[in-house]
Amino acid sequence: HIQDPASQRLTWNKPPKSVLVIKKIRDASLLQPFKQLCVYLTEENNMIVYVEKKVLEDPAIANDENFGPVKKKFCTFREDYDDISNQIDFIICLGGDGTLLYASSLFQGSVPPVMAFHLGSLGFLTPFNFENFQSQVTQVIEGNAALVLRSRLKVKVVKEHREKSTVQNGIEENGLVSANLEKEVGKQIMQYQVLNEVVVDRGPSSYLSNVDVFLDGHLITTVQGDGVIVSTPTGSTAYAAAAGASMIHPNVPAIMITPICPHSLSFRPIVVPAGVELKIMLSPDARNTAWVSFDGRKRQEICHGDSISITTSCYPLPSICFRDPVSDWFESLAQCLHWNVRKKQNNFAVEEEE
């Protein structure tokens, strides 16, 4: 039985009590919507509101005396220091697509449902407009909304020949937090949950990148070019689309492999089944190292002997729809990417019979 995407609905086991509000940093235009939303959540719905500490450090919020009583009710946290994964019922994002990607990065395990308001520059992943936010938020709290489960990638980076450091209570000797970091003799293992894509590129080198791609242990190809993008269906409309890939609906269980400027006329993007394990390593005869980033963050160098393992995560991101998964996706294609927009062809004029 193939499930109809429109049948995925948000249902609460018990009424939600806590909400995480994520606001795009350094954007003055979002201050008023942020204040209106927080007042509505705390005073009208008696919700426990979690806000990142650096958001409240904005002078426009810190110096607003009228907002003071509401601000005192907030629960605050700091990225990479405080674990709030088991304290949040749902998330509200104010910003663009980058704000939703940031929300995804905060939850390395199960992700609460995310309601994203379009207050940024692109808005492909943010279907809600803020004008009628009260009624829309109320519908979500009442469980009257459609969902799309956006698959994520589970990525493991294994680096060889690193100096071993002592880890105690999650803090390394240099004072850095070792979240999602394991130490072995001669190895450094890091894990990430990625919503859009993993990008392997040649970095500052003038040489082509030269990396081997394995699928379930079998070498499938060597990428010689600027790099390679491994993306989710959600990420297929981002960097992958700019590199010439097809766009995949987020309900399709798949992983896309897209070369970046390959030095080959026949290297076309391919789609492989969700669940396979991809492994990317520098080719033994590669002239230079490569660089990798995860949803545009945590950029780091990959050397000989290092490896990047990628598979479908068992922790998708539940994204709340404005209408339904199909309508929202095609609306985003039309509004954000102007997909198949052109001037219509004129019809033949019907000549009147004499």
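The name given to the chain in an unreviewed UniProt entry is NAD kinase, with the source organism recorded as Prunella himalayana. Taken directly from UniProt, the Sequence similarities (unreviewed entry) text for the chain runs: "Belongs to the NAD kinase family."

Colleague: Sorry, what's going on with the pairing of strand β16 (residues 254-260) here?
Modeller: Along any regular strand, the residues point their side chains to alternate faces of the sheet. Across the seven residues that make up β16, a large majority, seven, are buried. Residues Ala-254, Met-256, Thr-258 and Ile-260 of β16 are buried on one face, and the alternating residues Ile-255, Ile-257 and Pro-259, pointing to the opposite face, are buried as well. Of the pairings in the sheet, the one linking strand β15 (residues 227-231) to β16 comprises five bridges and is antiparallel in character. Considered in β16, the bridge of Ser-231 is made with Met-256. Taken together, the four bridges between β16 and strand β17 (residues 270-273) define a ladder with antiparallel strand orientation. Within β17, the residue paired with Met-256 across the bridge is Val-271.

Colleague: Would you mind going over the pattern of salt bridges with me for this structure?
Modeller: Scanning the entire structure with this criterion turns up six salt bridges. Measuring nitrogen to oxygen at the nearest pair gives 3.8 Å for the salt bridge that ties Glu-52 to Lys-54. Linking Asp-226 and Arg-202 is a salt bridge whose minimum nitrogen-to-oxygen distance equals 2.7 Å. Of this pair, Asp-226 sits in the loop between β14 (218-225) and β15 while Arg-202 sits in the loop between β12 (197-201) and β13 (209-215), and the two are 24 residues apart along the sequence. For Asp-226, a relative accessible area of 24% translates into the label partly exposed.

Colleague: In this structure, what is going on with the domain arrangement of the chain? I would like to understand it.
Modeller: Interface size is commonly expressed as the accessible surface area that is lost when the partners come together. When the domains of the chain are assigned, the result is domain 1 (9-151 + 316-337) and domain 2 (153-161 + 179-312). Computed over C-alpha atoms only, the centres of domain 1 and domain 2 are separated by 30 Å. Each partner contributes residues to the interface: domain 1 has 21 residues there, and domain 2 has 19 residues. Three residues stand out in domain 1 for area buried against domain 2, namely Gln-108, Ser-151 and Trp-329, and they jointly supply 37% of the buried area on that side. Inspection of the region where domain 1 meets domain 2 yields one salt bridge.

Colleague: Before we go on, may I ask you to explain the nonpolar core in this structure?
Modeller: Nonpolar side chains in soluble globular proteins generally cluster together in the buried interior. With 32 residues, the main nonpolar core has Phe-34, Leu-37, Leu-41, Phe-74, Ile-92, Phe-117 and Val-137 as its most contacted residues. Put simply, the parts of the chain that give this core at least two residues each are β1 (18-23), α1 (31-44), β2 (48-52), α2 (53-56), β4 (90-95), β5 (114-118) and α6 (133-141). Val-198, Val-200, Val-213 and Val-272 belong to the second largest nonpolar core, which has 29 residues in total.

Colleague: Explanation requested: the sheet that holds β17 in the structure shown.
Modeller: Taking strand neighbours across the sheet as the criterion, the six strands line up as β17-β16-β15-β12-β19-β20 in an open arrangement whose pairing is antiparallel. Looking at strand neighbours, the two that pair on one side only are β17 and β20 (297-302), the edges of this open sheet. Neighbour-to-neighbour, the strand axes of the sheet open up by a mean angle of 20°, direction not taken into account.

Colleague: I would appreciate a short explanation of a positive patch on the surface in the present structure.
Modeller: On the surface, Lys-154, Lys-156, Lys-187 and Lys-279 cluster together into a patch of positive charge. For Lys-279, the position within the fold is in strand β18 (residues 278-282).

Colleague: Explain unusual backbone geometry to me, please; I cannot follow it from the model alone.
Modeller: Outside of glycine, negative phi angles account for most residues, and trans bonds account for most peptide bonds. One non-glycine residue with positive phi stands out, namely Asp-216, at about 50°. Tracing the backbone shows Asp-216 in the loop between β13 and β14. Take Asp-216: its relative accessible area is 45%, and that puts it in the partly exposed class. In this structure, Cys-261 takes a positive phi of about 45° despite not being glycine. Tracing the chain through its elements places Cys-261 in the loop between β16 and β17.

Colleague: Where do I start with α1 in this structure?
Modeller: An α-helix turns once every 3.6 residues. As a result, residues three or four positions apart point the same way. Over its 14 residues, α1 extends 19 Å from the first C-alpha to the last, a length consistent with the 20 Å expected when each residue adds 1.5 Å. For α1, the complete set of buried residues consists of Leu-31, Pro-33, Phe-34, Lys-35, Leu-37, Cys-38, Tyr-40, Leu-41 and Thr-42. Count one or two residues on from α1 and you reach Asn-46, which has phi positive near 50°.

Colleague: Help me understand helix α8 (residues 325-336), please; the structure alone is not making it clear to me.
Modeller: With twelve residues, α8 extends 16 Å between its outermost C-alpha atoms, agreeing within 8% with the 16 Å of an ideal straight helix rising 1.5 Å per residue. Among all positions in α8, only Pro-325, Asp-328, Trp-329, Ser-332, Leu-333 and Cys-336 are buried. When α8 is viewed along its axis, its buried side chains cluster within an angular range of 135° and face the same direction. Measuring from the side-chain oxygen of the N-cap residue of α8 to the backbone nitrogen of Val-326 gives 3.0 Å; that N-cap residue is Asp-324. Looking one or two residues beyond α8, the residue adopting positive phi is His-338, at roughly 50°.

Each value, and the rule that gives it
One numbering rule holds for all chains: residues counted from 1, following each sequence as written. Owing to the predicted nature of the model, reporting of local features is limited to residues with pLDDT of at least 70; listing and counting of side-chain atom pairs is limited to 80 or more, with chain, interface and lining totals taken over all residues. With hydrogens and water stripped out, all remaining heavy atoms of the structure feed into the side-chain values. UniProt positions are given in the numbering used here, feature names are shortened, and annotations may be inferred rather than shown by experiment. Whether a residue is buried, partly exposed or exposed follows from its accessible area with a 1.4 Å probe, protein chains only, as a fraction of its type maximum: under 20%, in between, or over 50%, in that order. A run of DSSP states H or I qualifies as a helix once it reaches four residues; a run of E qualifies as a strand once it reaches two. Both are numbered from the N-terminal end. Pairing between strands requires that DSSP locate at least two bridges from one strand to the other. Note on definitions: salt bridges are taken to be side-chain nitrogens of Lys or Arg within 4 Å of carboxyl oxygens of Asp or Glu. Domain borders in the structure are assigned automatically or taken from a domain database. The contact criterion used throughout is that any non-hydrogen atoms of two residues lie within 4.5 Å. By definition, the buried area sums, over both parts, the 1.4 Å-probe accessible area that each loses when the two are put together. To form a nonpolar core, buried Ala, Val, Leu, Ile, Met, Phe, Trp, Tyr and Cys residues must be joined to one another through side-chain atoms within 4.5 Å. For helices, the fitted axis covers only the stretch in contact; all axes are lines through C-alpha atoms, and the angles between them, taken along N-to-C directions, range from 0 to 180 degrees. Each patch groups residues whose relative accessible area exceeds 30% and which form no salt bridge, using 9 Å between like charges and 5 Å between nonpolar side chains of Val, Leu, Ile, Met, Phe, Trp and Tyr. Note that accessible areas follow from Shrake-Rupley with a 1.4 Å probe, and for residues the cover is restricted to the protein chains shown. For this count, His and the chain ends are skipped, Lys and Arg are scored as positive, and Asp and Glu as negative. A single reference atom marks each charge: NZ on Lys, CZ on Arg, CG on Asp, CD on Glu. Given the number of residues in a helix, its expected span is that number minus one, multiplied by 1.5 Å. Directions pointing from the helix axis toward each C-beta atom define the arc. Here a polar contact is recorded for every N or O atom pair within 3.5 Å, except that within protein the pair must consist of a potential hydrogen donor and a potential acceptor, and residues adjacent in sequence are included only if both atoms are side-chain atoms.

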